[in-house]
Amino acid sequence: MDDLQTPHPDAHQGPRAALLADLRAGLPADAVLTDPDVTASYAHDMASFCAAGTPAAVVLPRTVEQVRHVMRTATAHRVPVVPQGARTGLSGGANASEGCVVLSLVKMDRILEIDPVDRVAVVEPGVVNAVLSRAVNEHGLYYPPDPSSWESCTIGGNIGTASGGLCCVKYGVTAEYVLGLDVVLADGRLLTTGRRTAKGVAGYDLTRLFVGSEGSLGVVVKAVLALKPQPPAQLVLAAEFPSTDAACAAVCAIMERGHTPSLLELMDRTTVRAVNRMARMGLPESTEALLLCAFDTPDPAADLAAVGALCTAAGATEVVPAADAAESELLLQARRLSLTALEALKPATMIDDVCVPRTRLAEMLAGTTAIAEKHALTIGVCVHAGDGNTHPVVCFDHTDEDESRRARESFDAIMALGLSLGGTITGEHGVGVLKKEWLARELGPVGLGLQREIKRVFDPLGLLNPGKLF
Ligand SMILES: Cc1cc2nc3c(=O)[nH]c(=O)nc-3n(C[C@H](O)[C@H](O)[C@H](O)COP(=O)(O)OP(=O)(O)OC[C@H]3O[C@@H](n4cnc5c(N)ncnc54)[C@H](O)[C@@H]3O)c2cc1C
């Protein structure tokens, strides 16, 4: 009787077994992972509180042909596919959906070409950002986009999320450096977009469309990236302010006077303390806002002196230029540690990514403090101040139901505040699953409708990274 009521495990395994057999037919044996403990470890990126399903398999192709085989097979079986890089994402964009094939690109990690004349690098998607940066430096070249996670995140993931970083205030974000792409479409066709030339306006800019598409339109298998000549080493200045208002006034003054800092970052008091707690950096704990400004110009000391004077005029209590490159690097390390240090304050965090016009930054930070007070929560903020891109980190205990509710409310209130100030809900981390409802609010019905139609053109069966963005 029991046998009749309880379906045999193979009854469930049928379609999955057929999927696995077809995947294995075009992939090396070690490129298809099915051990549940192993596949579970690929289910999540680094965002808290984002739903994730159980993958049917994780595949690790090494060639474009193998990626095409995976997509053809998934389409034939009508199984969703979730492209993944290093899973350092902060919005759940790389999270598995139930029964999906996780398509990890980390084994496609070759730098195919570095050309100092065309000033391009041609890379596979699994190349780690810092590895590329160091490789092009050896040719006297520079790949600017530098997310704080640069030692682990991949170029494919950077393209998927349109990543920013510390030096974007001067050099721009990932989108500005992606010239052309090879993309495997949902049905396995291989699309080449863009160019490797200095200029080119042939047709719609599909390259740009893929940047920031969060794996929902196609799988990037090759990228042509623009490079810059390597600038001189940057020198950093640290300025202490008695309020975030004063620090933001300094940011506005620096930009208004036409300075071109290679980095302009702000850490609030909670962040400074968190970094000290984690790494004993000796940062000044009594300051309300620590502003870091850097120049990689021919005479950085002169530029820092001019900016130092602007900081003092805006109310800085202390202005300390780094003595040399080593001291500068230490300050940068402190800033890069900020998110990780804030995450260590409480068992759980939700990281906002609201970007506002620089002129509204002071209101954004004051509003965030008010939200933290209203919800009785610790919210530390680190800011790509030169870009107006704030990262309020809501710290809470996820085992406390009431605190979790207040955390979600404040996370949402911060996005509402950003929109009311003419900003966007995400400057660089993407929408993923974390900010889906908010994308609709930012785009409005016409914008959202068109985006859905674009998705249908590329992925009519809705198999690529379903449940993300919309
Ligand atoms: C400590 C820390 C600091 C961070 N600092 C920054 C920062 O300063 N700036 C910033 O922008 N981000 C930052 N991030 C977020 C994260 O590192 C970036 O979003 C990064 O670009 C993700 O790269 P990844 O390789 O981990 O991609 P994943 O997280 O694996 O994937 C990200 C998205 O890209 C898609 N994707 C991945 N590979 C491909 C591909 N080949 N083709 C198509 N789609 C693909 C995925 O489906 C997913 O939607 C930080 C994260 C951490 C943990």
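Residues numbered from 1 in each chain as written. Predicted model: local features only at pLDDT ≥ 70, side-chain atom pairs only at ≥ 80, totals over all residues. Heavy atoms only, no water.

A. Inspection of the confidence of the model for the protein chain at higher detail. Across the protein chain, the average pLDDT comes to 95, with 97% of residues at or above 70. Below a pLDDT of 50 lies the segment residues 1-11, which in the model reaches 1 contact outside its immediate sequence neighbourhood of four places, other chains included. (pLDDT = per-residue confidence, 0-100. Contact = heavy atoms within 4.5 Å.)

B. Region of interest: the site of the ligand. Neighbouring the ligand are 36 residues; P83, G85, T88, S149 and T154 lie closest to it. Within the backbone of G85, an N or O atom sits 2.7 Å from an oxygen atom of the ligand. In the environment of the ligand, an oxygen atom lies 2.9 Å from a nitrogen or oxygen atom belonging to the backbone of G89. Relative to its unbound accessible area of 980 Å², the ligand is 96% covered by the protein chains. (Near = heavy atom within 4 Å. Polar contact = N/O pair within 3.5 Å; in protein donor to acceptor, adjacent residues only side chain to side chain. Areas by Shrake-Rupley, 256 points an atom, 1.4 Å probe, with all protein chains shown as cover.)

C. A look at empty space enclosed by the protein. Summed over the entire model, instances satisfying the criterion amount to 1 cavity of 30 Å³ or more. Of the pockets and cavities examined, the largest cavity occupies roughly 60 Å³. Lining the largest cavity we find M46, A47, S48, L90, E343, T349, M350, I351 and L434. The leading source of residues in the lining of the largest cavity is strand β16 (residues 348-351), at 3 residues. Of the residues in the lining of the largest cavity, the class split is 6 nonpolar, 2 polar and 1 charged. When we break the lining of the largest cavity down by domain, the ones giving at least three residues each are domain 1 (15-104) and domain 3 (235-420). (1 Å grid on protein atoms, 1.4 Å probe; cavity = no way out; pocket = protein on both sides within 12 Å on 5 of 7 lines; lining within 4 Å. Points joined across faces, edges and corners; volume = space filled by probe spheres on them. Helix = DSSP H or I, 4+ residues; strand = E, 2+ residues; numbered from the N terminus. Nonpolar A, V, L, I, M, F, W, Y, C, P; charged D, E, K, R; others polar. Domains from an automatic or database assignment.)

D. Main features of the packing of helix α9 (residues 244-256) against helix α11 (residues 300-313). Running from amino to carboxyl end, α9 crosses α11 at an angle of 140°, the nearest separation of the two axes being 9 Å. In terms of orientation, α9 lies oblique with respect to α11. As α9 packs across α11, the resulting crossing turns out to be right-handed. Counting all contacts with α9, which are made through A250, A253 and I254, the residues of α11 involved are V307, L310 and C311. For the contact of α9 with α11, the per-class residue count stands at 6 nonpolar, no polar and no charged. (Axes fitted to C-alpha atoms, helices over the stretch in contact; angles between N-to-C directions. Parallel < 35°, antiparallel > 145°, perpendicular 65-115°, else oblique. Left-handed = near helix turned anticlockwise from the far one by under 90°.)

E. Expanded view of the pairing of strand β17 (residues 378-384). Here β17 lies mainly inside the structure; 6 of its 7 residues are buried. Sheet topology places β17 next to strand β18 (residues 389-396); 7 bridges connect them, and they run antiparallel. The partner of I379 across the bridge, within β18, is V394. Counting the residues in the hairpin turn of β17 and β18 gives 4 residues, including G388, whose phi is positive at 70°. (Buried < 20%, exposed > 50% of the residue type's maximum accessible area, 1.4 Å probe, protein only. Pairing = 2+ DSSP bridges.)

F. Molecular detail of helix α12 (residues 325-336). For α12, which comprises 12 residues, the first-to-last C-alpha distance of 16 Å matches the rise-based estimate of 16 Å (1.5 Å per residue) to within 8%. Taken as a whole, α12 has its buried residues at S328, L331, L332, A334, R335 and R336. (Expected span 1.5 Å × (residues − 1).)

G. Just the domain arrangement of the protein chain, in detail. Along its sequence, the protein chain is carved into domain 1 (15-104), domain 2 (111-229) and domain 3 (235-420). Between the C-alpha centres of domain 2 and domain 3 there is a distance of 28 Å. A buried area of about 980 Å², summed over both sides, lies between domain 2 and domain 3, and 55% of it is on carbon and sulfur atoms. The largest per-residue losses of area from domain 2 upon contact with domain 3 belong to L166, V169 and K170, which jointly make up 63% of the total buried on that side. Counting the contacts that link domain 2 with domain 3 gives 1 salt bridge. Ionic pairing is found between K170 and D296, a salt bridge with its closest N-O pair at 2.7 Å. Run the count over domain 2 and domain 3 and you get 2 residue pairs in polar contact (both at pLDDT 80 or more). Partitioning the side of domain 2 that touches domain 3 into residue classes produces 6 nonpolar, 2 polar and 1 charged. (Buried area = accessible area lost by both parts, 1.4 Å probe. Salt bridge = Lys/Arg side-chain N within 4 Å of Asp/Glu carboxyl O.)

H. Looking closely at the nonpolar core. Among the nonpolar cores identified, the biggest contains 49 residues, and F241, L266, L291, C311 and V394 are the most heavily contacted of them. The element that contributes the greatest number of residues to this core is α9, accounting for 7 residues. Formed by 34 residues, the second largest nonpolar core is a distinct cluster that contains A121, V136, I159 and L225. (Core = buried A, V, L, I, M, F, W, Y, C linked by side-chain atoms within 4.5 Å.)

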